[in-house]
Amino acid sequence: MGILELVLLGGGDKKEEEVEMEGDIAATSPIPNLSSVASLVIRRCSRLPLTNVDIGSVPSCFRSGKKIVQVDHHVKVVIFIVACGKEKGIIDGHWRFRILLLSVEQLQQSFEDELPDHSNQPTSYARNLVEYCAYKALRVETQRPDHLADKGFSLLTFDMMLAWEAPDTETEFLLHENGFSSCPEVDNDDEGSLFYASVTRLASQIDGKKTVGLEAFARIASACALVADPITVHNLFVALTSSSGGRLHFLIYDKYLKRLYKVLKSMKHIYGRPQSFNFSLADGEIILEVDAKSILQHTRISTRPGRLTLTSHALYFEASGTGTSKYDLSKDLKQVVNCELTGPWGARFFDNAIICKSDSVVEPIVFEFSGHSHRDYWFAIIQEVLHANKFIRKYKLKRFQRAESLSKAALGIFRSRAVKDAFHGMPSHLKSILPFNLAEKLPKGDKILEALYNHLELMWIRFQNHDGLVTASYEKQLTGPLPDSLYTLTRMGFLLLKKEDNPEENGVLVGNIHVGETSPLQTAIRESVRYSGRVEEARATLYQVKVEDINTNLAAIKDLLFPLFEIGKLLRLLAAWEDPFKSRVFLFLILYLLYRGWVRYILPCFFLSVAVYMFWHKHHSSGKPIQIFQVAPPPNRNPVELLLMLQEGVSQLQTNVQTGTISLLKLRALLLAAFPKTTQKVAIAMAIAAVGFTLVPFSHIVTLVLLEVYTRKMPVRRESSEKLVRRIKEWWSRVPAAPIQIARPEEHNSPR
C-alpha cells in the first residue's frame with residue numbers, strides 16, 4: 001500500500017504545516033550504523049516523484065490550507081503543505097504529487113536480495129547501500145526533462161555525495177572536517193525545493209560548510225548523464241574545484257547545474273526553430289552550438305562575416321547575403337582541423353583562427369574568431385564532433401549505438417559551454433571535459449575507446465535479447481548498460497533517431513549501475529588517468545629546462561652529445577692515418593672481427609653495456625635527485641652579430657638546397673637518357689654492380705667497402721685514391737642537368 005504525498009511550493013520564507021488526512025503512519029525505524037546524512041538520503045530516496053499538476057487544477061481549499069478528508073480506496077493520503085505566507089506566492093507555486101513506492105525497510109531488503117555479495121561485506125555495507133538507493137532514485141528522477149531546474153535535485157545529489165563519503169557512524173566525523181572556514185549565504189531568489197518536507201531536512205541546507213571530494217562526486221554525478229560523463233567526470237571535478245582547494249562546495253555545484261540547464265534550454269529553443277537557418281538538418285542531426293559574433297571566413301580571394309553553426313554532422317557557415325557553406329564532419333573525407341595564424345594582407349600575426357581541410361573543399365577554409373580563447377573553445381568542440389564520428393566509422397556503429405556516441409559528444413559540448421560561461425574558463429589538453437577529445441589526447445586513450453565500444457556492444461546485445469526492453473516489474477529489473485545519453489537528449493526534445501528506432505525505456509529503472517564495483521570502462525579510464533599523471537609530471541620538467549635562445553640550445557646539445565663527438569673525432573683520426581700504428585691496430589681488429597663473424601654481436605654488446613650502466617645507476621642512485629647537468633654558456637653576441645650569423649646560415653642552407661636540386665636534375669637527365677653516351681656508361685656500371693651483388697656474399701661486399709673507405713688515406717693508397725676522387729668529380733661536373741621551367745599557377749600540372 002503506497003502513501004500519496006502532495007507538496008505546494010512558493011517563493012519567499014517557507015512555512016511548513018503537516019495535516020494528516022486519514023490513518024496513522026508508523027515512524028520509520030532507522031538503519032543501524034548509518035550516519036545521519038546517509039539515513040536522511042535513504043529516506044529521501046524511498047520517495048519517488050510521480051507527476052506534476054498545474055496550480056489551477058488544485059482545489060481552492062488546498063490553497064487555503066484547510067483540512068480535507070478524501071480517502072482513495074487503495075492509498076492512504078498524507079498532505080504536506082509547504083507555502084509562503086503571501087497569497088501571491090501560493091498562487092504562483094506548483095503542486096507536485098509523489099508516491100511512496102517502498103519504505104526504507106523494503107528498499108534495504110531489495111538491496112540485500114538483488115546484491116547479496118555486497119550486502120555480506122560489513123566494511124562496505126553502508127556505502128554500497130547508499131549507492132544502491134541513490135542510483136535507484138536518480139534513475140527515476142532524471143526521467144524528468146526539467147530535473148536540473150529543480151534546486152531540490154542539486155540538494156539531493158549533493159547530499160548523496162556527502163552520504164557516500166560518510167556512510168556510517170565511523171566516518172561521520174569527516175563531515176565536520178571537510179569544509180570551509182566560513183558559511184556562504186545561499187541565494188534567496190531560488191525556487192523552493194521539491195524535495196523538502198519537515199521530516200527530511202537535507203544536510204547541505206543545514207550546513208553550508210559541507211564539501212565533497214573527487215571519488216564521491218565521480219560515483220554519484222556520473223549516474224546522471226546530464227551532469228557528468230564517466231570518461232570526463234574527474235576532469236569536470238578539477239574544473240569545478242580549481243579555486244576551492246580540491247573540494248566541491250554546494251554553491252559551485254548548484255551554479256554549474258543552473259548554467260547547464262540554461263545552456264540546454266537555449267539550445268533546445270534554437271533547435272526548435274529550424275526555419276531561422278538557411279540550411280536543412282538531416283535525420284538525426286542536432287544543433288550543438290551557434291555563434292554569430294565576429295566570425296570571419298577567409299578564402300583565397302575573399303573575406304566574409306557570418307554565422308557559424310556546429311551540428312552533430314557538420315559545420316555550417318552562413319555568410320551575410322551570399323549563401324551557406326558546409327564542412328562535413330561525419331564522412332571519411334580526410335578532414336584536418338588545426339589552429340591557424342591570421343593578420344592583415346596575409347600576415348600571420350594573430351593566433352585566433354581555425355583552418356579546415358578535406359577532400360570535400362577545393363581549398364582550405366579559415367575561420368577567424370574574436371580572440372584566442374574564443375577560438376580555442378570552437379576548436380575543441382569541432383574536434384569533439386570530428387573524433388566522435390571517427391569513432392563511429394572505426395567501429396561501424398549503427399542505429400542507437402551511433403546515436404548514443406553522438407549524444408555523449410553533444411552532452412560533453414553542453415557541459416563544456418556551461419563551465420565556460422559559469423566560471424569564465426575552459427579546461428584544455430589532458431584536463432578536457434569533452435569525452436572523445438580526452439580519449440584522443442590521453443595516454444592509452446585507445447583503451448578507453450575500446451572499452452566504450454565493448455560497452456555499446458553489451459548494450460546492443462541487451463536490446464536484442466529483450467526485444468526492445470519489454471516492461472519489467474519494479475522488483476525484477478533488466479540489468480545491463482543503457483543508452484543514458486540518448487535517453488536524456490530524447491527527453492529534452494533532441495531527436496537523434498526516428499521515433500520508431502528509439503529503444504524503449506518503459507519500466508527501466510536500473511541501467512549502468514555497478515554498486516560497489518568498477519565497470520570495465522571505468523577501469524580503462526582510471527588506468528589512463530594514472531598514466532597521464534606520470535606524463536604530466538614528465539611534461540612539467542620540460543618547462544623547467546626549456547631555453548629560448550638558439551645559441552644556448554646548441555651549446556646544450558653539444559655538451560650532451562660530447563661523448564659521441566669524441567668517438568667521431570677518434571674514428572676520423574684513425575681513418576686519416578695520422579698515427580699509422582694505431583690505425584693499423586684498428587684495421588687488424590676490424591679484419592679479425594669480420595673473419596670470425598663477430599660483427600653481428602657489436603650492436604647487442606652495445607645495448608647490453610647501456611643496460612648494465614642504467615641498472616648500475618638505478619641501484620646506486622635510488623631515491624637521490626638526478627645531478628644537474630652543467631652547460632658551458634655560449635659566447636655573448638650583440639644583435640648585429642646574431643643577424644650576420646643568421647644571414648650566413650640562411651645563405652649556407654640556400655647553397656645546399658641548390659646543390660641538391662642540381663643533383664636531382666642531373667640524375668633525371670641520366671635516367672631519361674638525355675645524353676646517351678653518359679647514360680650508357682652509367683647503365684653498364686650498374687649492370688656490373690648487380691652481377692657483383694648477386695654472386696658475391698653480402699658480408700664480403702661490406703668488408704670490401706669498409707676496407708676501401710678506411711684505407712683511402714693510407715700512405716700506400718693516398719695518391720691513387722685522390723686521383724680516383726678527382727676523376728669522379730670531373731666526370732660528374734660534365735654531366736648536364738635536365739631542363740626545368742617554373743610554370744604559372746594556372747598552367748601548373750603535376751609531373752608525369
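Let us look at the structure shown here. (Residues numbered from 1 in each chain as written. Predicted model: local features only at pLDDT ≥ 70, side-chain atom pairs only at ≥ 80, totals over all residues. Heavy atoms only, no water.)

**Brief notes about the overall build of the chain**
Next up, step 1: Summing up its helical and strand segments, the chain has 26 helices and 14 strands in all.
Next up, step 2: By the burial criterion, 40% of the 752 residues in the chain qualify as buried.
Next up, step 3: Within the chain, contacts between residues at least 6 apart in sequence are counted, and of these 70% link residues at least 24 apart.
Next up, step 4: Carbon together with sulfur atoms contributes 59% to the accessible area of the chain, which is approximately 43900 Å² in total. (Helix = DSSP H or I, 4+ residues; strand = E, 2+ residues; numbered from the N terminus. Buried < 20%, exposed > 50% of the residue type's maximum accessible area, 1.4 Å probe, protein only. Contact = heavy atoms within 4.5 Å. Areas by Shrake-Rupley, 256 points an atom, 1.4 Å probe, with all protein chains shown as cover.)

**Concerning the nonpolar core**
Next up, step 1: Ranked by size, the top nonpolar core spans 129 residues in total, and within it Phe217, Val227, Trp378 and Phe414 carry the most contacts.
Next up, step 2: Ranked by residues supplied to this core, first place goes to helix H13 (residues 372–395) with 12 residues.
Next up, step 3: Excluding residues that lie within four positions of it along the chain, Phe414 makes contacts with Leu260, Val263, Leu264, Met267, Ile287, Leu288 and Leu489. (Core = buried A, V, L, I, M, F, W, Y, C linked by side-chain atoms within 4.5 Å.)

**Things to note about the packing of aromatic side chains**
Next up, step 1: Under the definition given, this model contains 21 aromatic pairs.
Next up, step 2: With 5.5 Å between their ring centres and 70 degrees between their planes, Phe158 and Phe250 make a pair best called edge-to-face. Note that Phe158 is positioned in helix H7 (residues 151–165) and Phe250 in helix H12 (residues 250–271), a separation of 92 residues in sequence.
Next up, step 3: Relative to Trp732, the ring of Trp731 has its centre 6.2 Å away and its plane inclined at 45 degrees; by these criteria the two rings are tilted. (Phe/Tyr/Trp six-rings, centres within 6.5 Å; stacked < 30°, edge-to-face > 60°.)

**Structural notes on the pattern of salt bridges**
Next up, step 1: Considering all chains together, one arrives at 24 salt bridges under this definition.
Next up, step 2: Residues Arg712 and Glu708 are paired through a salt bridge, measuring 2.9 Å at the closest nitrogen-oxygen approach.
Next up, step 3: Overlapping salt bridges, with partners in common, bring together Glu141, Arg144, Asp146 and Asp150 in one network. (Salt bridge = Lys/Arg side-chain N within 4 Å of Asp/Glu carboxyl O.)

**Examining the packing of helix H6 (residues 125–141) against H7**
Next up, step 1: The N-to-C vectors of H6 and H7 enclose an angle of 165 degrees; their axes lie 9 Å apart at closest approach. Judged on the interaxial angle alone, H7 and H6 are roughly antiparallel. Classified by chirality, the crossing of H7 by H6 is left-handed. The segment H6 lies against H7, with Arg127, Val130, Glu131, Ala134, Ala137, Leu138 and Glu141 engaging Phe153, Thr157, Met160, Ala163, Trp164 and Glu165.
Next up, step 2: Within the contact of H6 with H7, the residues separate by chemical class into eight nonpolar, one polar and four charged. (Axes fitted to C-alpha atoms, helices over the stretch in contact; angles between N-to-C directions. Parallel < 35°, antiparallel > 145°, perpendicular 65-115°, else oblique. Left-handed = near helix turned anticlockwise from the far one by under 90°. Nonpolar A, V, L, I, M, F, W, Y, C, P; charged D, E, K, R; others polar.)

**Things to note about the sheet that holds strand S9 (residues 303–311)**
Next up, step 1: The antiparallel open sheet is built from seven strands, whose spatial order is S11-S10-S9-S8-S14-S13-S12. Because the sheet does not close on itself, it has two edges, and the strands there are strand S11 (323–328) and strand S12 (336–342). Adjacent strand axes in the sheet meet at a mean angle of 35 degrees, parallel and antiparallel pairs treated alike.
Next up, step 2: For strand S10 (residues 314–319) and S11, the ladder comprises six bridges, and the chain directions are antiparallel. Each bridged residue has a counterpart across the sheet, and for Ala314 the counterpart in S11 is Asp328.
Next up, step 3: On top of the sheet, helix H14 (residues 399–423) reaches strand S8 (287–298) and S9; it is set at about 65 degrees to S8, its chief contact. (Pairing = 2+ DSSP bridges.)

**Quick word on empty space enclosed by the protein**
Next up, step 1: Tallied over the entire structure, the rule returns four cavities of 30 Å³ or more.
Next up, step 2: Contributing to the lining of the largest cavity are Glu215, Ala218, Arg219, Ser222, Pro230, Val233, His234, Gln522, Ile525 and Arg526.
Next up, step 3: For the lining of the largest cavity, the residue count by class is four nonpolar, three polar and three charged. (1 Å grid on protein atoms, 1.4 Å probe; cavity = no way out; pocket = protein on both sides within 12 Å on 5 of 7 lines; lining within 4 Å. Points joined across faces, edges and corners; volume = space filled by probe spheres on them.)

**Quick notes on the environment of Val238**
Next up, step 1: When you line up the elements, Val238 lands in helix H11 (residues 233–240).
Next up, step 2: In this structure Val238 comes out as partly exposed when scored by relative accessible area, which is 38%.
Next up, step 3: Expressed as a C-alpha distance, the spacing of Val238 and Ile433, which sit 195 residues apart in the sequence, is 9.8 Å.

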